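Inside the fold
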Amino acid sequence: MTDFRMPSLGADMEAGTLVEWLVRPGDRVKRGNVVAVVETQKGAIDIEIFNDGVVSELVVPVGGRVPVGTVLARLAGPVTEPAMAPPQAAPVTPPPIPAAPAAVAGRPHITPVARRLAGEHGIDLQRLTGTGPDNAITLADVQAAVSSVASGATPRRRAGFDPAAMRQAIAAAMTRSKREIPHYYLSQTIDVSNALARIERLNRERPPPERILPAALFLRAIALAVAKTPELNGFWEEGRFRPGDGVHIGWATALRGGGLLAPAIRDANHRSLEELMASMRDLVLRARGSGLRSSELSDPTITVTSLGDRGAETVFPIIYPPQVAMVGIGRIVTRPWVVNGAIEPRPVVTLTLAADHRASDGHRGGLLLVEIDRLLQEADTL
Amino acid sequence: MNAGEARTLIVDVLASIAPEADFDRLPGGAVLRDELDLDSMDFLNFITFLHQKSGIDIPEADYPKLSTLDGAVSYLTR
Amino acid sequence: MSAPASTTAAVRMTYREACKQAIRAAILADPRVFLMGEDVARYGGCYAVTKGLATELGEERIRDTPLSENGFVGAGIGAAIAGLRPIVEIMTVNFSLLALDQIVNSAATISHMSGGQFAVPLVIRMATGGGLQLAAQHSHSLEGLYAHIPGLRVLTPATVEDARHMLQPAIEDPNPVLIFEHVMLYNREGELDPSVTGVDIVSAKIRRPGRDVTLVAYGGMLFKTLEAAALLQVEGIEAEVIDLRVLRPLDMPTILGSVRRTRRVVIVDEGWRSGSLSAEIAARIAEEAFFELDAPIRRVCSREVPIPYAAHLEKAALPQAATIAATARTLVKGG
């Protein structure tokens, strides 16, 4: 018997609402199968199961909002290693106690009088957002819900994506980042004429569905450089650095209507330019359509943000905890550049690195940016 | 493809990318990327969908000609 | 100087003067009443409350005692049982611990253990609290200890009016009554309304009405708490301030009534947090009004250290208006 628990899809996630079960008791599942849809602050996410087996019981009903770590379903059958376990963990170490503290911390605070009034009016407290101290649901929150029910308005939010909830999630993660992470920042302005020339050559012969954006080429250079700088790829957890189990790049994707997600492109350093471009396209479409999978949100080992060709020249990223680094790509601009002793107009882009000084030092960070620069000068080999 | 069909196609494609936009109020000469807040991936998808639905090849060098609604209509109907 | 009964104009005086007038009036009104304690007669009291009274009333009514709290409190108990109405002054609550046996084992229990044959109509006055840089020898707030003891009534007059009028009903009470006078109050001036001729020694009073949060305080903390309420008002938070006045028995209906209206409460106690009176009040609110609360119960107490001598350390150890306001703010404003 194995427990299938509410996964954490990021440091900022405390709880999720079960929107849909895609399996029934008796169904056979394999690790990686999408078995449920869970509504989080990041929208509705397809949740993958971590083990092979046969579903024996669905514990949490549709509509239930439960903290991270809560048992959602039970599986009978072959037990494999839990996918969440860090690959470095020696077999002798006892299995981690599954998220019990997080479950306690994730329980929403509801003041006694708010709970009583909600009971009297049949208000579903799980649907309310607390505005009191420590985000507690207070009397005023319940009174507002009571009056909106009385006036016929529906307090239920649209399933999938709630901009206010996502704002809260971003606020929590970024506040934690600025509070806990001693960031250092480096920047390198890079001549990208070779890179753009390669893109132009490639795209000239390709129909639109196969065309490449410059960001994909930059991402490839970044992924290869990150693979050579493992101190920047991983997590700062419980006072020490845990390296990532691959270069899984979170690609920061702005959502229409506000907010952003950074789903993972797994093993980005092993993907060709075309594969990276396809992954980016797919992720952006699904992120904006709220069709992401749970592993895509929990996997990133480093995040990359690109401001695009309508953005600012330089971005100073804020690291998404518990990751230890983030790379920013500014807008490509034409600037005077010294080439062989003469000034020429050249397309340049400013790459920035924000890194956690607990996990790495500026020297290593600088090597990453220099390596990206070097790779982009040899863009034809990428 | 006449101008009316082209306009319908373009608006349908844009609506799939920017579902919240009000296309009845979109000026024909407005720059789509600015007006609809399209990033480079959105614009590439716009070109891709137009190509797939119209069969017209749109080389990168021609992208500026499709920067407005009116420009895109005349490009598809030329 | 007492005002003529005909006028209704309020009289301004210090808390010290109000205490002195209360003692003088009680002694003049009843031949059984006398006051005794260390340095109360010739010296005039360590806080000068009885200055001049020995000359005015005679050394039989204002009596100096040896430096032996256990001895003269015991004498006071004997005098009370024998039919007199003694007022015993102890310099500070710290020194009252030398008389704990007499107060707790005798005064508080004799009526009970004698099946009501002997009453102990004794009043004990003492100074309490910090703020004068008198260090750990003289600055503690131990009234909460006495509020634990059945058989005692514990009063903490904070206003000039209570300082002037609580003594008489305390003398009339057939049981021992302890009166705690906070050292920071003696020089404080207030208005005494001549038309008020008495106060009760059973109820708490709402000193400032408000709708958003209840601040419970007593004695020297009352004015810091009112100051905190003024700070909060600037931010639009209306705090209700309750002056407990009587620490034993507690007037729970007034406290609970206020908490049921505001649904939030901060208890301010100059005593140490652990096992304090504030703990008792918090527990009773949780027991009796849990389902009315819209925020956790909070307390502002002294730091758990012997009160330091150095002015900045003493200030840091004692509850201050800004801390009280900040604590109340966390209950009212969302986070």
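Residues numbered from 1 in each chain as written. Chains lettered and ligands numbered in written order. Predicted model: local features only at pLDDT ≥ 70, side-chain atom pairs only at ≥ 80, totals over all residues. Heavy atoms only, no water.

1. Some words on the interface of chain A and chain B
- Residue-level contacts link 16 residues of chain A with 24 residues of chain B.
- Around 1,700 Å² of area is buried between chain A and chain B when both sides are counted, 47% of it from carbon and sulfur atoms.
- Here Arg33 of chain B ties to Asp309 of chain A by a salt bridge, and the two come within 2.7 Å at their closest N and O atoms.
- Between chain A and chain B we count ten residue pairs in polar contact (both at pLDDT 80 or more) in total.
- Elements with a contribution of two residues or more to the side of chain A that touches chain B: α5 (193–204) and α7 (273–288) of chain A. (Contact = heavy atoms within 4.5 Å. Buried area = accessible area lost by both parts, 1.4 Å probe. Salt bridge = Lys/Arg side-chain N within 4 Å of Asp/Glu carboxyl O. Polar contact = N/O pair within 3.5 Å; in protein donor to acceptor, adjacent residues only side chain to side chain. Helix = DSSP H or I, 4+ residues; strand = E, 2+ residues; numbered from the N terminus.)

2. A few points about the packing of helix α11 (residues 221–234) of chain C against helix α15 (residues 321–332) of chain C
Residue and element names in this part refer to chain C.
- One way to put it is that α11 packs onto α15 with a least axis distance of 8 Å and a crossing angle of 55 degrees. What the angle tells us is that α11 and α15 run oblique. In the packing of α11 onto α15, the handedness of the crossing is right-handed. Seen from α11, the contacting residues are Lys224, Thr225, Glu227, Ala228, Leu231 and Leu232; seen from α15, they are Ala321, Ala322, Ile324, Ala325, Ala328 and Arg329.
- By residue class, the composition of the contact of α11 with α15 is eight nonpolar, one polar and three charged. (Axes fitted to C-alpha atoms, helices over the stretch in contact; angles between N-to-C directions. Parallel < 35°, antiparallel > 145°, perpendicular 65-115°, else oblique. Left-handed = near helix turned anticlockwise from the far one by under 90°. Nonpolar A, V, L, I, M, F, W, Y, C, P; charged D, E, K, R; others polar.)

3. Topic: the pattern of salt bridges
- Under the defined criterion, the tally for this structure stands at 44 salt bridges over all chains.
- Among the salt bridges present, the one from Glu237 of chain A reaches Arg242 of chain A, with a minimum N-O distance of 2.8 Å.
- Residue classification places Arg242 of chain A among the partly exposed positions, given a relative accessible area of 26%.
- Between Lys205 of chain C and Asp200 of chain C there is a salt bridge whose closest N-O contact spans 3.4 Å.
- Assessed through its relative accessible area of 31%, Lys205 of chain C is described here as partly exposed. (Buried < 20%, exposed > 50% of the residue type's maximum accessible area, 1.4 Å probe, protein only.)

4. Observations regarding the confidence of the model for chain A
Residue and element names in this part refer to chain A.
- Looking at chain A as a whole, the pLDDT averages 83, with 88% of positions reaching at least 70.
- Here helix α1 (residues 100–105) stands out as the least confident element of chain A, with mean pLDDT 39; strand β17 (residues 325–329) is the most confident, with 97.
- Per-residue pLDDT stays below 50 along residues 79–105; that stretch engages in 18 contacts with residues further than four places along the chain or on separate chains.
- Under a pLDDT of 50 for its full length, residues 152–159 has, in the predicted model, ten contacts with residues more than four places off or in other chains. (pLDDT = per-residue confidence, 0-100.)

5. Some words on the side chain of Ser106 of chain C
- Summarising the element assignment, Ser106 of chain C is placed in helix α5 (residues 100–107).
- Ser106 of chain C sits in the buried class, given a relative accessible area of 18%.

6. Topic: the interface of chain C and chain A
- Counting residues at the interface gives twelve residues for chain C and 13 residues for chain A.
- A combined buried area of about 910 Å² lies between chain C and chain A, and 53% of that area is made up of carbon and sulfur atoms.
- In this assembly, chain C and chain A are joined by one salt bridge.
- Note that Glu292 of chain C and Arg116 of chain A form a salt bridge whose closest N and O atoms lie 2.8 Å from each other.
- The interface formed by chain C and chain A contains five residue pairs in polar contact (both at pLDDT 80 or more).

7. Side note on the packing of aromatic side chains
- Counting across every chain of the model gives eight aromatic pairs over all chains.
- Ring geometry for Phe43 of chain B against Tyr63 of chain B: centres 5.7 Å apart, planes inclined by 70 degrees, an arrangement best described as edge-to-face. Of this pair, Phe43 of chain B sits in helix α3 (residues 40–54) while Tyr63 of chain B sits in the loop between α3 and α4 (69–76); the two residues are 20 residues apart in sequence, bridging distant segments of the chain.
- With a relative accessible area of 7%, Phe43 of chain B lands in the buried category.
- Classification of Tyr63 of chain B by relative accessible area gives buried; the value is 16%.
- Geometrically, the ring pair formed by Tyr15 of chain C and Tyr186 of chain C is edge-to-face, given 5.8 Å between the ring centres and 70 degrees between the ring planes. Of this pair, Tyr15 of chain C sits in helix α1 (residues 15–29) while Tyr186 of chain C sits in the loop between β7 (177–182) and β8 (189–192), and the two are 171 residues apart along the sequence.
- When its relative accessible area of 3% is taken as the criterion, Tyr186 of chain C is described as buried.
- Aromatic rings pair up to connect Phe43, Phe46 and Tyr63 of chain B into one cluster. (Phe/Tyr/Trp six-rings, centres within 6.5 Å; stacked < 30°, edge-to-face > 60°.)

8. Re unusual backbone geometry
- Pro322 of chain A follows Pro321 of chain A through a cis peptide bond whose omega is 5 degrees.
- Within the element layout of this structure, Pro322 of chain A appears in the loop between β16 (302–306) and β17.
- In the segment running from Arg248 of chain C into Pro249 of chain C, the intervening peptide bond is cis, with an omega of -5 degrees.
- Its identity is not glycine, yet Arg245 of chain C carries a phi of approximately 65 degrees, on the positive side.
- Tracing the sequence through the fold places Arg245 of chain C in the loop between β11 (239–243) and β12 (246–248).
- At Arg263 of chain C, a position not held by glycine, the phi torsion is positive, near 65 degrees.
- Structurally, the position occupied by Arg263 of chain C is in the loop between α12 (252–262) and β13 (265–272).

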